[in-house]
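# Per-entry structural report
Spelled out, the chains give:
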Amino acid sequence: MNKRTVIVSGGDLDSDFVLPILKEEDTEFIIGVDKGLVFLYEHGIKPDYIVGDFDSAPEEVVRYYKEKTNIPIREFNQVKDASDTEIALRLCIDLRRKNILILGATGKRQDHFWANVQSLKIALDAKVDARIIDAHNCIRLLDRDFTLSKEEAFGKYISVFPLGATVEDFGIQGVKYPLSHHALTPYNSLCVSNEIVKEELKITIPFGTVVLMETHD
């Protein structure tokens with residue numbers, strides 16, 4: 001697999017979960033995004049790129065990176081048409097990064113969280129593997145058939161929701177509550193909190209887009 005790029009945004013960042021990811025050999029490129037830059041600064045981790053309008057990062061932290069390092073910085077006006085995390089994701093795609101983890105994309109602000117989930121569609125359309133992860137969740141979008149081994153699943157539970165229109169002829173197998181040739185609509189909670197019970201999870205998506213959440217308590 002390609003070496004991964006990690007985007008560190010300004011939501012919840014559990015150091016016990018985040019630091020091992022940032023320090024793993026598979027992590028090749030790190031982008032600090034606005035308040036996420038504070039986490040990197042406090043833990044002595046040097047990002048490869050910095051992005052944001054810096055409305056939520058302390059002035060002394062931003063000044064340190066501007067004056068004491070040669071890290072590329074893309075600073076944006078606070079009045080803009082995209083979130084800092086979306087801008088960082090688009091930067092990754094421009095840099096031809098193919099394997100992206102987004103940390104700090106969940107937290108108290110559910111409006112920011114949902115914007116981040118929807119931004120994953122930008123990566124999906126560019127055929128880039130991008131996932132939002134925190135200590136309890138791994139979230140990705142799918143627009144084609146998908147297989148995941150039970151051993152590789154992030155957590156015990158699997159939930160699937162359509163992004164946008166109804167997904168016709170949807171199927172999910174290898175789980176406690178399987179479905180075949182089902183019209184998966186965005187107006188109910190039928191596919192929340194399923195469980196993988198066989199060696200592989202198999203999802204069938206003839207067309208359309210779904211949100212796949214792998215979660216644990």
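Nothing here was measured: the structure is a model prediction, and the numbers come from that model.

### Quick word on the packing of aromatic side chains
For the structure on display, the rule yields four aromatic pairs. Centre to centre, the rings of Tyr-64 and Tyr-65 are 5.0 Å apart; their planes meet at 80°, and the pair counts as edge-to-face. A relative accessible area of 34% places Tyr-64 in the partly exposed class. Members of the aromatic cluster, joined through ring pairs, are Tyr-41, Tyr-64 and Tyr-65.

### Here's the deal with helix H1 (residues 15-23)
Buried residues of H1: Val-18, Leu-19, Ile-21 and Leu-22, and no others. Along the axis of H1, the buried residues cluster in a sector spanning 165°; they form a single face. In H1, the exposed positions angled more than 90 degrees off the buried face are occupied by Asp-16 and Lys-23. For H1, the capping residue at the N-terminal end is Asp-14, with a side-chain oxygen 3.0 Å from the backbone nitrogen of Asp-16.

### A closer look at the environment of Leu-142
Within the secondary structure, Leu-142 sits in strand E7 (residues 137-142). Along the sequence, Leu-142 and Gly-104 sit 38 residues apart, while their C-alpha atoms lie 21 Å from each other.

### Quick look at the side chain of Asp-84
In this fold, Asp-84 is placed in helix H4 (residues 84-94). Of note is the side chain of Asp-84, whose polar atom sits 3.4 Å from the backbone nitrogen of Asp-53.

### Let's talk about the state of the cysteines
The tally for this structure, following the rule as stated, stands at zero disulfides. Free cysteine: Cys-191, not disulfide-bonded; nearest cysteine sulfur from Cys-138 at 18 Å. Here Cys-191 falls in the buried class, since its relative accessible area comes to 7%.

### Some words on the pairing of strand E3 (residues 49-52)
Alternating residues of E3 divide into Tyr-49 and Val-51 and Ile-50 and Gly-52, and every residue in both groups is buried. In the sheet, strand E2 (residues 27-33) pairs with E3 via three bridges, with the strands oriented parallel. Bridge pairing in E3 links Val-33 to Val-51. Between the parallel elements E2 and E3, the chain passes through helix H2 (residues 36-42) in a crossover that is right-handed. Chirality of the crossover, the property in question, places the unit of E3, helix H3 (residues 59-68) and strand E4 (residues 73-75) among those that are right-handed.

### A look at the sheet that holds E3
If you trace the 10 strands from one edge of the open sheet to the other, you get E4-E3-E2-E1-E5-E6-E7-E14-E9-E12, paired in mixed fashion. The open sheet is flanked by E4 and strand E12 (194-195), the only strands paired with a single partner. Sheet topology note: the strand E1 (residues 4-8)/strand E5 (residues 99-103) ladder contains four bridges and is parallel. Across the sheet, the residue bridging to Val-8 is Leu-103, located in E5. Strands E5, strand E6 (129-133), E7 and strand E14 (210-215) of the sheet are contacted by helix H5 (residues 110-125), whose axis makes an angle of about 45° with E7.

Reading the values: the criteria
- Residues numbered from 1 in each chain as written.
- Predicted model: local features only at pLDDT ≥ 70, side-chain atom pairs only at ≥ 80, totals over all residues.
- Heavy atoms only, no water.
- Phe/Tyr/Trp six-rings, centres within 6.5 Å; stacked < 30°, edge-to-face > 60°.
- Buried < 20%, exposed > 50% of the residue type's maximum accessible area, 1.4 Å probe, protein only.
- Helix = DSSP H or I, 4+ residues; strand = E, 2+ residues; numbered from the N terminus.
- Arc of directions from axis to C-beta.
- Polar contact = N/O pair within 3.5 Å; in protein donor to acceptor, adjacent residues only side chain to side chain.
- Disulfide = S-S within 2.5 Å.
- Pairing = 2+ DSSP bridges.
- Right-handed = clockwise from strand over helix to strand, strands pointing away.
- Contact = heavy atoms within 4.5 Å.
- Axes fitted to C-alpha atoms, helices over the stretch in contact; angles between N-to-C directions.

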